[in-house]
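# Observations on the model geometry
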Amino acid sequence: MTGGGHHGYMGWWGDMGGPKQRGIITYSVSPYAQKPFAGAFQNAIFNTFRRVSSQAFYVVLPAGLLIYVINTAKQRNAYLYSKAGRKDLEALL
């Protein structure tokens with residue numbers, strides 16, 4: 001190690017002459033006790049249903065309105081270009 005006034009070997013990691021660290025507690029769980037996918041598939045089904053149902057209002061309402069407008073426009077167009085709607089078409093133009 002160079003610089004800082006130290007010459008030579010400073011000591012092993014964690015034993016470099018500083019004060020002892022106290023109050024650090026580490027917990028761990030054995031890998032044999034862990035179940036990383038416990039209930040994952042069941043939770044995935046219910047979370048998917050919950051998320052889709054919470055967003056359905058934002059998707060279904062505009063989609064329904066769009067379908068209604070498109071169908072109404074197609075029916076109006078079919079009427080205007082039929083024999084019965086020619087007078088209305090000429091009045092619009």
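Residues numbered from 1 in each chain as written. Predicted model: local features only at pLDDT ≥ 70, side-chain atom pairs only at ≥ 80, totals over all residues. Heavy atoms only, no water.

An unreviewed UniProt entry lists the protein chain under the name Cytochrome b-c1 complex subunit 8, with Lipomyces tetrasporus as the source organism. We quote the UniProt Subcellular location (unreviewed entry) comment for the protein chain here in full: "Mitochondrion inner membrane". The Function (unreviewed entry) comment attached to the protein chain in UniProt states, word for word, "Component of the ubiquinol-cytochrome c oxidoreductase, a multisubunit transmembrane complex that is part of the mitochondrial electron transport chain which drives oxidative phosphorylation. The complex plays an important role in the uptake of multiple carbon sources present in different host niches." (UniProt positions renumbered as here; feature names shortened; annotations may be inferred.)

Within the protein chain, the regular secondary structure consists of two helices and zero strands. Sorting the 93 residues of the protein chain into buried and exposed places 3% on the buried side. With an accessible surface of roughly 9500 Å², the protein chain has 63% of that area assigned to carbon and sulfur atoms. (Helix = DSSP H or I, 4+ residues; strand = E, 2+ residues; numbered from the N terminus. Buried < 20%, exposed > 50% of the residue type's maximum accessible area, 1.4 Å probe, protein only. Areas by Shrake-Rupley, 256 points an atom, 1.4 Å probe, with all protein chains shown as cover.)

Here the UniProt-annotated "transmembrane region" (unreviewed entry) positions come out as residues 56-73. Structurally, residues 56-73 is divided into 100% helix and 0% strand, and its ends, taken at the C-alpha atoms, are 25 Å apart.

What follows concerns a nonpolar patch on the surface. Residues Phe57, Tyr58, Val59, Val60 and Leu61 make up a contiguous nonpolar surface patch of roughly 590 Å² in combined accessible area. Its place among the elements puts Tyr58 in helix H1 (residues 40-80). Since its relative accessible area comes to 58%, Tyr58 is described here as exposed. (Patch = residues over 30% accessible without salt bridge, like charges linked within 9 Å, V, L, I, M, F, W, Y side chains within 5 Å. Salt bridge = Lys/Arg side-chain N within 4 Å of Asp/Glu carboxyl O.)

Moving on, we come to H1. For H1, with 41 residues, the first-to-last C-alpha span of 57 Å sits near the 60 Å given by 1.5 Å per residue. Ala56 marks the point of greatest bend in H1, at about 50°. (Expected span 1.5 Å × (residues − 1). Bend = angle between axes of the 7 residues up to and from the residue.)

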